[in-house]
Amino acid sequence: MSASGVAVRIGDNTVVGPGLYIFAGDHEYQTPGVGFREIHEGNNAGVTIGRNVWIGARVTILKGVTIGDAAVIGAGSVVTARFASAARRVWSH
């Protein structure tokens, strides 16, 4: 999990499969010739996961995402935007 300076909230009774990645931030890397260890943090935004959510294996959740209560996210999904309550979705690559 990467979440410097922002909150990651996970609601009660949420089930998480193996290999969950949560990235609540990114890096500024627009200056050529500057090494990654010298780069300042980018625009970070918190992640909120509701109650009674099922998150499958190898799911990636990106910054600023809110997942509503009772949602189901299929294995291997990449969540990039708001996910409604009681929604069921599997993203394909």
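An account of the accompanying structure is given in this report.

### With respect to the packing of aromatic side chains
Within this structure, the stated rule accounts for one aromatic pair. Consider the rings of Y21 and F23, whose centres lie 6.0 Å apart with planes at 5 degrees: the pair is stacked. Note on F23: relative accessible area 35%, which makes it partly exposed.

### Looking at the pattern of salt bridges
Summed over all chains, the structure comprises one salt bridge. Between D69 and R51 there is a salt bridge, and its shortest N-O distance comes to 2.9 Å. Of this pair, D69 sits in the loop between β7 (66-67) and β8 (72-73) while R51 is found in the loop between β4 (47-49) and β5 (54-55), placing the two residues 18 residues apart along the sequence.

### A look at the sheet that holds strand β6 (residues 60-62)
Pairing is parallel across the open sheet formed by three strands, whose spatial order is β3-β6-β9. Two strands close off the open sheet at either side, each with one partner strand: β3 (21-23) and β9 (78-79). Strand direction decides the pairing type here: β3 and β6, joined by three bridges, are parallel. Bridge assignment links F23 to a residue of β6, and that residue is L62.

### With respect to a nonpolar patch on the surface
A cluster of nonpolar side chains, contributed by Y21, F23 and L62, occupies part of the molecular surface with about 270 Å² of accessible area. Considering the arrangement of structural elements, one finds F23 in strand β3.

### Regarding the sheet that holds β7
In a beta sheet, neighbouring strands are held together by backbone hydrogen bonds and run either parallel or antiparallel to one another. Read across the open sheet, the three strands follow the order β1-β4-β7; overall the sheet is parallel. Across the chains shown, the open sheet's two edge strands, defined by having one partner strand only, are β1 (8-10) and β7. As paired elements, β1 and β4 share three bridges and run parallel to each other. Bridge pairing in β4 places R9 opposite T48.

### Focus: the side chain of S77
Residue position: S77 is located in the loop between β8 and β9. A polar contact of 2.7 Å, which involves the side chain of S77, links it to the backbone oxygen of G74.

Cut-offs and rules
- Residues numbered from 1 in each chain as written.
- Predicted model: local features only at pLDDT ≥ 70, side-chain atom pairs only at ≥ 80, totals over all residues.
- Heavy atoms only, no water.
- Phe/Tyr/Trp six-rings, centres within 6.5 Å; stacked < 30°, edge-to-face > 60°.
- Buried < 20%, exposed > 50% of the residue type's maximum accessible area, 1.4 Å probe, protein only.
- Salt bridge = Lys/Arg side-chain N within 4 Å of Asp/Glu carboxyl O.
- Helix = DSSP H or I, 4+ residues; strand = E, 2+ residues; numbered from the N terminus.
- Pairing = 2+ DSSP bridges.
- Patch = residues over 30% accessible without salt bridge, like charges linked within 9 Å, V, L, I, M, F, W, Y side chains within 5 Å.
- Areas by Shrake-Rupley, 256 points an atom, 1.4 Å probe, with all protein chains shown as cover.
- Polar contact = N/O pair within 3.5 Å; in protein donor to acceptor, adjacent residues only side chain to side chain.

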